[in-house]
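Structural description and commentary
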Amino acid sequence: MLERIDKIIGNQTGISRNEIHKMIKNKKVKVNDKVVVSPKEKYDSSKDNIYIDDELLVISKYVYLVLNKPKGYVSATIDHYEKTVLDLVPESYQNRHLFPAGRLDKDTTGFLLLTDDGIFAHNILSPKKHIKKKYYVIIDSIITNDMIDGFSNGIILDGEKCKSSILEKIDDNSCYVTLTEGKYHQIKRMFQSFGASVLELKRVSMGSLELPSDLALGECRELTKDEVYLITH
Ligand code: URA
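Residues numbered from 1 in each chain as written. Predicted model: local features only at pLDDT ≥ 70, side-chain atom pairs only at ≥ 80, totals over all residues. Heavy atoms only, no water.

1. Description of unusual backbone geometry
- Notably, His-97 is not glycine yet its phi reads approximately 55 degrees, a positive angle.
- Despite not being glycine, His-185 shows a phi value in the positive range, around 50 degrees.
- On the basis of relative accessibility, which here comes to 28%, the residue His-185 falls in the partly exposed class. (Buried < 20%, exposed > 50% of the residue type's maximum accessible area, 1.4 Å probe, protein only.)

Shown next, in the form of C-alpha coordinates:
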(Lines give C-alpha, C1' and ligand atoms only; values in the text may rest on other atoms or scores of the structure.)
Protein backbone atom coordinates (compact mmCIF):
# COMPACT_ATOMS: atom_id res chain seq x y z
CA MET A 1 0.00 0.00 0.00
CA LEU A 2 1.37 3.41 -0.99
CA GLU A 3 1.53 5.91 1.87
CA ARG A 4 3.14 9.28 2.46
CA ILE A 5 6.70 8.92 3.71
CA ASP A 6 6.09 11.20 6.73
CA LYS A 7 3.13 9.02 7.74
CA ILE A 8 5.12 5.79 7.41
CA ILE A 9 8.00 7.13 9.52
CA GLY A 10 5.65 8.72 12.07
CA ASN A 11 3.66 5.53 12.57
CA GLN A 12 6.73 3.36 12.89
CA THR A 13 8.78 5.60 15.17
CA GLY A 14 6.47 8.04 16.95
CA ILE A 15 8.68 10.92 15.71
CA SER A 16 6.53 14.04 15.24
CA ARG A 17 5.56 15.18 11.75
CA ASN A 18 7.45 18.47 12.30
CA GLU A 19 10.63 16.63 13.21
CA ILE A 20 10.25 14.31 10.20
CA HIS A 21 9.79 17.30 7.88
CA LYS A 22 13.02 18.79 9.27
CA MET A 23 14.83 15.49 8.72
CA ILE A 24 13.59 15.42 5.11
CA LYS A 25 14.65 19.05 4.57
CA ASN A 26 18.11 18.16 5.91
CA LYS A 27 18.31 15.22 3.45
CA LYS A 28 18.49 12.65 6.23
CA VAL A 29 15.78 10.39 4.77
CA LYS A 30 16.46 8.07 1.86
CA VAL A 31 14.29 5.48 0.16
CA ASN A 32 16.21 2.75 -1.62
CA ASP A 33 19.04 4.86 -3.13
CA LYS A 34 17.22 8.15 -3.47
CA VAL A 35 17.15 11.10 -1.09
CA VAL A 36 13.56 12.03 -0.21
CA VAL A 37 12.85 15.67 -1.07
CA SER A 38 9.20 16.02 -0.03
CA PRO A 39 7.17 14.55 2.86
CA LYS A 40 4.37 14.01 0.32
CA GLU A 41 6.30 11.36 -1.61
CA LYS A 42 4.54 8.01 -1.42
CA TYR A 43 6.15 4.63 -0.88
CA ASP A 44 5.20 1.07 -0.05
CA SER A 45 6.71 0.19 3.32
CA SER A 46 6.40 -3.53 2.57
CA LYS A 47 8.65 -3.20 -0.51
CA ASP A 48 10.75 -0.04 -0.23
CA ASN A 49 13.76 0.28 2.06
CA ILE A 50 13.60 3.43 4.13
CA TYR A 51 16.75 4.84 5.75
CA ILE A 52 17.07 7.54 8.40
CA ASP A 53 20.64 8.81 8.78
CA ASP A 54 21.67 5.82 6.63
CA GLU A 55 20.13 3.40 9.11
CA LEU A 56 17.49 1.00 7.80
CA LEU A 57 14.07 1.56 9.37
CA VAL A 58 12.72 -1.81 10.49
CA ILE A 59 9.07 -1.89 9.46
CA SER A 60 6.51 -3.83 11.44
CA LYS A 61 4.39 -5.80 9.02
CA TYR A 62 1.37 -5.63 11.28
CA VAL A 63 -1.06 -2.80 11.93
CA TYR A 64 -2.27 -1.81 15.40
CA LEU A 65 -5.15 0.65 15.64
CA VAL A 66 -6.68 2.13 18.76
CA LEU A 67 -10.38 2.84 18.39
CA ASN A 68 -12.39 5.00 20.78
CA LYS A 69 -15.44 2.75 20.57
CA PRO A 70 -18.84 4.41 20.77
CA LYS A 71 -22.00 2.69 21.98
CA GLY A 72 -24.05 0.79 19.41
CA TYR A 73 -21.28 -1.20 17.72
CA VAL A 74 -20.51 -4.87 18.29
CA SER A 75 -16.90 -6.10 18.67
CA ALA A 76 -16.91 -8.38 15.65
CA THR A 77 -15.69 -8.29 12.08
CA ILE A 78 -19.02 -9.24 10.49
CA ASP A 79 -22.57 -9.18 11.80
CA HIS A 80 -25.71 -9.53 9.72
CA TYR A 81 -27.86 -7.32 11.96
CA GLU A 82 -25.61 -4.93 13.90
CA LYS A 83 -23.00 -2.31 13.05
CA THR A 84 -19.52 -3.63 13.80
CA VAL A 85 -16.40 -1.80 15.02
CA LEU A 86 -14.87 -2.54 11.59
CA ASP A 87 -17.43 -0.13 10.11
CA LEU A 88 -15.51 2.64 11.90
CA VAL A 89 -12.15 1.82 10.31
CA PRO A 90 -11.10 4.00 7.34
CA GLU A 91 -11.30 2.54 3.85
CA SER A 92 -7.49 2.41 3.50
CA TYR A 93 -7.32 -0.38 6.14
CA GLN A 94 -10.21 -2.44 4.84
CA ASN A 95 -7.92 -4.84 2.95
CA ARG A 96 -5.84 -5.60 6.09
CA HIS A 97 -7.99 -8.31 7.76
CA LEU A 98 -8.13 -6.41 11.03
CA PHE A 99 -10.07 -7.82 13.96
CA PRO A 100 -10.81 -6.56 17.47
CA ALA A 101 -8.35 -7.91 20.06
CA GLY A 102 -10.93 -8.74 22.69
CA ARG A 103 -14.53 -7.69 23.04
CA LEU A 104 -16.28 -4.71 24.49
CA ASP A 105 -20.04 -5.04 24.90
CA LYS A 106 -22.27 -3.17 22.46
CA ASP A 107 -22.98 -0.49 25.09
CA THR A 108 -19.36 -0.22 26.35
CA THR A 109 -17.19 2.63 25.09
CA GLY A 110 -13.46 3.35 24.97
CA PHE A 111 -10.18 1.64 24.17
CA LEU A 112 -10.47 -1.15 21.62
CA LEU A 113 -7.40 -2.48 19.86
CA LEU A 114 -7.79 -3.60 16.25
CA THR A 115 -4.95 -5.52 14.67
CA ASP A 116 -4.03 -8.17 12.12
CA ASP A 117 -1.37 -9.61 14.47
CA GLY A 118 -2.94 -12.80 15.86
CA ILE A 119 -0.08 -13.67 18.19
CA PHE A 120 -0.03 -10.22 19.77
CA ALA A 121 -3.81 -10.32 20.22
CA HIS A 122 -3.61 -13.74 21.83
CA ASN A 123 -0.87 -12.58 24.19
CA ILE A 124 -2.60 -9.46 25.43
CA LEU A 125 -5.85 -11.35 26.06
CA SER A 126 -4.34 -14.36 27.78
CA PRO A 127 -4.97 -14.18 31.55
CA LYS A 128 -1.50 -15.75 31.97
CA LYS A 129 0.13 -12.56 30.67
CA HIS A 130 -1.58 -10.39 33.33
CA ILE A 131 -2.12 -7.44 30.96
CA LYS A 132 -4.18 -4.88 32.85
CA LYS A 133 -7.40 -3.54 31.35
CA LYS A 134 -8.74 -0.55 33.24
CA TYR A 135 -12.37 0.59 33.07
CA TYR A 136 -14.25 3.63 34.28
CA VAL A 137 -17.55 2.45 35.74
CA ILE A 138 -20.73 4.12 37.02
CA ILE A 139 -23.19 1.93 38.94
CA ASP A 140 -26.74 2.50 40.18
CA SER A 141 -25.93 2.15 43.88
CA ILE A 142 -23.28 3.03 46.44
CA ILE A 143 -19.88 1.37 46.07
CA THR A 144 -19.18 -0.51 49.27
CA ASN A 145 -16.09 -1.89 50.98
CA ASP A 146 -17.60 -5.36 50.49
CA MET A 147 -17.39 -4.80 46.73
CA ILE A 148 -13.77 -3.61 46.99
CA ASP A 149 -12.83 -6.66 49.10
CA GLY A 150 -14.88 -9.05 46.94
CA PHE A 151 -13.23 -7.85 43.73
CA SER A 152 -9.81 -8.18 45.35
CA ASN A 153 -10.48 -11.72 46.63
CA GLY A 154 -11.98 -12.85 43.31
CA ILE A 155 -15.72 -12.95 42.59
CA ILE A 156 -17.27 -16.32 41.78
CA LEU A 157 -19.21 -16.25 38.51
CA ASP A 158 -21.04 -19.41 37.43
CA GLY A 159 -19.01 -21.45 39.92
CA GLU A 160 -15.70 -20.14 38.57
CA LYS A 161 -13.49 -17.82 40.58
CA CYS A 162 -12.37 -14.65 38.79
CA LYS A 163 -8.82 -13.44 39.16
CA SER A 164 -8.23 -10.75 41.73
CA SER A 165 -9.21 -7.31 40.40
CA ILE A 166 -8.79 -3.78 41.70
CA LEU A 167 -11.75 -1.52 42.45
CA GLU A 168 -10.69 2.10 43.07
CA LYS A 169 -13.58 4.21 44.30
CA ILE A 170 -13.86 7.71 42.80
CA ASP A 171 -17.11 8.71 44.53
CA ASP A 172 -20.29 6.98 45.76
CA ASN A 173 -21.30 5.64 42.34
CA SER A 174 -18.20 5.75 40.16
CA CYS A 175 -14.91 3.91 40.21
CA TYR A 176 -12.11 2.39 38.19
CA VAL A 177 -11.94 -1.39 37.87
CA THR A 178 -8.78 -3.10 36.65
CA LEU A 179 -9.00 -6.65 35.30
CA THR A 180 -6.34 -9.00 33.94
CA GLU A 181 -8.82 -11.27 32.18
CA GLY A 182 -11.95 -10.81 30.10
CA LYS A 183 -14.87 -13.08 30.88
CA TYR A 184 -18.25 -12.50 29.22
CA HIS A 185 -19.86 -9.32 30.67
CA GLN A 186 -17.37 -9.66 33.52
CA ILE A 187 -17.66 -6.26 35.18
CA LYS A 188 -21.45 -6.15 34.85
CA ARG A 189 -21.74 -9.64 36.35
CA MET A 190 -19.27 -8.89 39.16
CA PHE A 191 -21.38 -5.88 40.23
CA GLN A 192 -24.59 -7.89 39.73
CA SER A 193 -23.31 -10.36 42.34
CA PHE A 194 -23.73 -7.45 44.81
CA GLY A 195 -27.17 -6.54 43.43
CA ALA A 196 -25.80 -3.48 41.56
CA SER A 197 -26.23 -2.59 37.89
CA VAL A 198 -23.62 -0.95 35.68
CA LEU A 199 -24.92 2.26 34.07
CA GLU A 200 -21.77 3.32 32.18
CA LEU A 201 -18.68 1.37 31.22
CA LYS A 202 -15.66 2.74 29.40
CA ARG A 203 -12.26 1.09 28.93
CA VAL A 204 -9.63 3.74 29.63
CA SER A 205 -6.36 1.84 29.24
CA MET A 206 -4.65 -1.40 28.28
CA GLY A 207 -1.33 -2.18 29.94
CA SER A 208 0.41 1.17 30.43
CA LEU A 209 -1.21 2.72 27.36
CA GLU A 210 -4.09 5.10 27.98
CA LEU A 211 -6.84 5.83 25.48
CA PRO A 212 -5.44 8.91 23.68
CA SER A 213 -7.30 11.93 25.04
CA ASP A 214 -7.48 13.58 21.60
CA LEU A 215 -9.24 10.59 20.01
CA ALA A 216 -12.94 11.44 19.55
CA LEU A 217 -15.63 8.77 19.98
CA GLY A 218 -15.76 6.67 16.82
CA GLU A 219 -12.26 7.67 15.71
CA CYS A 220 -9.28 5.39 15.37
CA ARG A 221 -5.59 5.86 14.66
CA GLU A 222 -2.49 3.78 14.20
CA LEU A 223 -0.34 3.15 17.26
CA THR A 224 3.39 3.76 17.09
CA LYS A 225 5.84 1.00 18.02
CA ASP A 226 6.42 2.66 21.40
CA GLU A 227 2.70 2.73 22.12
CA VAL A 228 2.29 -0.94 21.16
CA TYR A 229 5.17 -1.74 23.53
CA LEU A 230 3.36 0.08 26.37
CA ILE A 231 0.34 -2.25 26.06
CA THR A 232 2.46 -5.15 27.27
CA HIS A 233 4.41 -3.24 29.95
N1 URA B 1 -16.95 -6.06 31.38
C2 URA B 1 -18.21 -5.97 30.91
O3 URA B 1 -19.18 -6.32 31.60
N4 URA B 1 -18.39 -5.51 29.65
C5 URA B 1 -17.38 -5.08 28.86
O6 URA B 1 -17.62 -4.62 27.74
C7 URA B 1 -16.08 -5.17 29.38
C8 URA B 1 -15.88 -5.67 30.64
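2. Side note on the site of the ligand
- The ligand sits among Leu-104, Asp-105, Thr-108, Tyr-135, His-185, Gln-186, Ile-187, Lys-188 and Leu-201.
- Measuring from an oxygen atom of the ligand, one finds a side-chain N or O atom of Thr-108 at 2.8 Å.
- Within the backbone of Gln-186, a nitrogen or oxygen atom sits 3.4 Å from an oxygen atom of the ligand.
- Across the complex, the protein chains shield 96% of the 230 Å² of accessible surface that the ligand would expose by itself.
- Residues of the shell around the ligand, tallied by class, amount to four nonpolar, three polar and two charged. (Near = heavy atom within 4 Å. Polar contact = N/O pair within 3.5 Å; in protein donor to acceptor, adjacent residues only side chain to side chain. Areas by Shrake-Rupley, 256 points an atom, 1.4 Å probe, with all protein chains shown as cover. Nonpolar A, V, L, I, M, F, W, Y, C, P; charged D, E, K, R; others polar.)

3. Here we look at the nonpolar core
- Counting 33 residues, the largest nonpolar core has Val-137, Val-177, Ile-187 and Phe-191 as the members making the most contacts within it.
- Put simply, the parts of the chain that give this core at least two residues each are β7 (64-69), β11 (109-115), β12 (133-139), α4 (145-153), β16 (174-179), α5 (186-192) and β17 (198-206).
- Grouped together as the second largest cluster of nonpolar side chains are 16 residues, Val-66, Leu-113, Phe-120 and Leu-215 included. (Core = buried A, V, L, I, M, F, W, Y, C linked by side-chain atoms within 4.5 Å. Helix = DSSP H or I, 4+ residues; strand = E, 2+ residues; numbered from the N terminus.)

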